[in-house]
Amino acid sequence: MELTAGSVWMIVSAALVLLMTPALGLFYGGMTRAKASLNMMMMSFVSIGLVGVVWVLWGYSMSTGQGVLGVFGNPFANFGLSNLIGSPDLIKAGYSATFAILTVALISGAIADRAKFTSWAVFVPAWITLVYCPLAFMVWGGGLMSAGGAVSSVFGQVIDFAGGTVVEIASGTAALVLVLILGNRHGFGKDPGHRPHNIPLIMLGAGILWFGWFGFNAGAAATVEQAGLIWVNTMAAPAAAIISWLVMEKVRHGHPTSLGAASGAVAGLVAITPSCANISPLAALGLGLVAGAACAVFVDLKVKFGFDDSLDVVGVHLGAGLIGTLALGFIALPVDGAGGGLFYGGGLHQLIAQIVAVLITVAVSGLGTAVIGLTIHKTLGFRVSHEDELAGVDLTQHAETAYAFAELGVSRFNPFGHHVAATAVHQAMAGHAASRAGDDKPEASPVSAREPARQDSLV
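All of these numbers come straight from a predicted model, not from anything done at the bench.

1. Some words on the packing of aromatic side chains
Now for step 1: Taken as a whole and assessed by the stated rule, the structure comprises 11 aromatic pairs.
Now for step 2: On the basis of an interplanar angle of 40° and a centroid distance of 6.1 Å, the ring pair of phenylalanine 27 and tyrosine 28 is categorised as tilted.
Now for step 3: By relative accessible area, phenylalanine 27 is classed as buried at 6%.
Now for step 4: Seen from their ring centres, phenylalanine 214 and tryptophan 231 are 4.5 Å apart, and the 25° between their planes marks the pair as stacked.

2. Description of the side chain of serine 280
Now for step 1: Mapped onto the elements of the fold, serine 280 is located in the loop between helix H9 (258-272) and helix H10 (281-298).
Now for step 2: Residues contacting serine 280, with those up to four places away along its chain left out, are Asn233, Leu333 and Tyr344.

3. Some words on the pattern of salt bridges
Now for step 1: What the rule picks out here adds up to seven salt bridges.
Now for step 2: Taking the shortest distance from any N to any O, the salt bridge between lysine 302 and aspartate 312 comes out at 2.8 Å. With lysine 302 in helix H11 (residues 301-305) and aspartate 312 in the loop between H11 and helix H12 (313-331), this pair connects stretches of sequence that are 10 residues apart.
Now for step 3: Using a relative accessible area of 4% as the deciding quantity, one classes lysine 302 as buried.
Now for step 4: Sharing partners across several salt bridges, the network here consists of Arg114, Arg185 and Asp308.

4. Here we look at unusual backbone geometry
Among all residues save glycine, negative phi is the norm, and among peptide bonds the norm is trans.
Now for step 1: Positive phi outside glycine occurs at aspartate 113, with the angle close to 80°.
Now for step 2: Residue position: aspartate 113 is located in the loop between helix H3 (89-107) and helix H4 (117-140).
Now for step 3: Phi at aspartate 312 is positive, roughly 65°, even though this residue is not glycine.

5. Examining the nonpolar core
Now for step 1: With 114 residues, the main nonpolar core has Phe123, Trp127 and Ile128 as its most contacted residues.
Now for step 2: The greatest single-element share of this core, amounting to 13 residues, is contributed by H4.
Now for step 3: When neighbours within four sequence positions are excluded, isoleucine 128 is seen to be in contact with Val51, Val54, Trp55, Ala100, Val104, Cys133 and Pro134.

6. Some remarks on the environment of leucine 374
Now for step 1: One can find leucine 374 in helix H13 (residues 349-379).
Now for step 2: Note on leucine 374: relative accessible area 40%, which makes it partly exposed.
Now for step 3: Considered as a pair, leucine 374 and valine 177 are 197 residues apart in the sequence and their alpha carbons are 9.7 Å apart.
Now for step 4: Setting aside chain neighbours within four positions, we find leucine 374 in contact with Ile181 and Thr369.

Rules of the game
- Residues numbered from 1 in each chain as written.
- Predicted model: local features only at pLDDT ≥ 70, side-chain atom pairs only at ≥ 80, totals over all residues.
- Heavy atoms only, no water.
- Phe/Tyr/Trp six-rings, centres within 6.5 Å; stacked < 30°, edge-to-face > 60°.
- Buried < 20%, exposed > 50% of the residue type's maximum accessible area, 1.4 Å probe, protein only.
- Helix = DSSP H or I, 4+ residues; strand = E, 2+ residues; numbered from the N terminus.
- Contact = heavy atoms within 4.5 Å.
- Salt bridge = Lys/Arg side-chain N within 4 Å of Asp/Glu carboxyl O.
- Core = buried A, V, L, I, M, F, W, Y, C linked by side-chain atoms within 4.5 Å.

In structure tokens form, the structure reads like this:
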């Protein structure tokens, strides 16, 4: 069988989406403290390794093919993918793997700076198996919410072209559940050291994410006309979201920020994900404007309600995911002159279908994450000790630091003695942390984690 243009595009798109996970590591790494930045990047990178293995063994089989009660696919149907050798479906298996990798990596930002790396490494394959694969099967693989599925037959066909439910709402819901399980960072809302330490790294990560998102949204385009619509919408929505986020920052806080521009772009990308092939470019602009302004407000809710969504996964991914998924009930284009959203005379049918899809996704991800997270928390322990958190999870979890801090005097790595050296450094960091223990005491006014970092807040 000859290699077609469509197959080549899917291969290129898969590479673009795979690049998004290291880009996410840069984005998250810049948003956290300097002494936790490597840990954030590692949480993304290890997701590639773990999910890549799971997907070949049973993940792809569970997300497609022969279904079990319309909830998940038979994990042994294509175990190891050997049955797909010689089939074009192997390209689809690779492409779908990159979505699973990115989805679970998104969750990590909510628990930045306080999670045990080994516990995260256990969480990743468990969550992919018990939460992501069933949702992917239900929406895209022939399950309950797919065309002809039980839910679609009753409530109408759910629209989710690239992952508003499976990726964004599922990861955002999981993030909120894990935040509640692990609790807040020490000094949350008071310690200025929790502000982003490297804004250029954040903007670089956001830019690469946007680049990869064209493959994320358009990789499964069936026609050149559809691909063109998806590409333009993937440009338009985040562009508008940048503007509305910056305007909202100016109105509410007096100044637009670089972090706001990067976050606005991501919010717009999240919002357009489910609807990229089903709305007009003009509607994409409106959706981006709404998502950017709304998420600029959503990210501050963590301070109001007291839950430490460290890097705004809940505010951006759950918030914009809900907006983008539900907006289809209003602005979805008619197909062959029939159906469409409320604004096109399609009635409430599409909105009802989207609401049902949201409720099912939140329930599956919320309950599944709670079971997995609590099990790990009660057995292995999901959170590092107070001392390790103050010393920095880069050092305590990986025996490495992203920056050679002058006070530590460690800039060389000894492959035979680094564990011994790490112990000495750990002791030095613990002493440094102890001197800063006063940061945990309440202050007169809370510090926003979104304020720019000062030079004296790098560690």
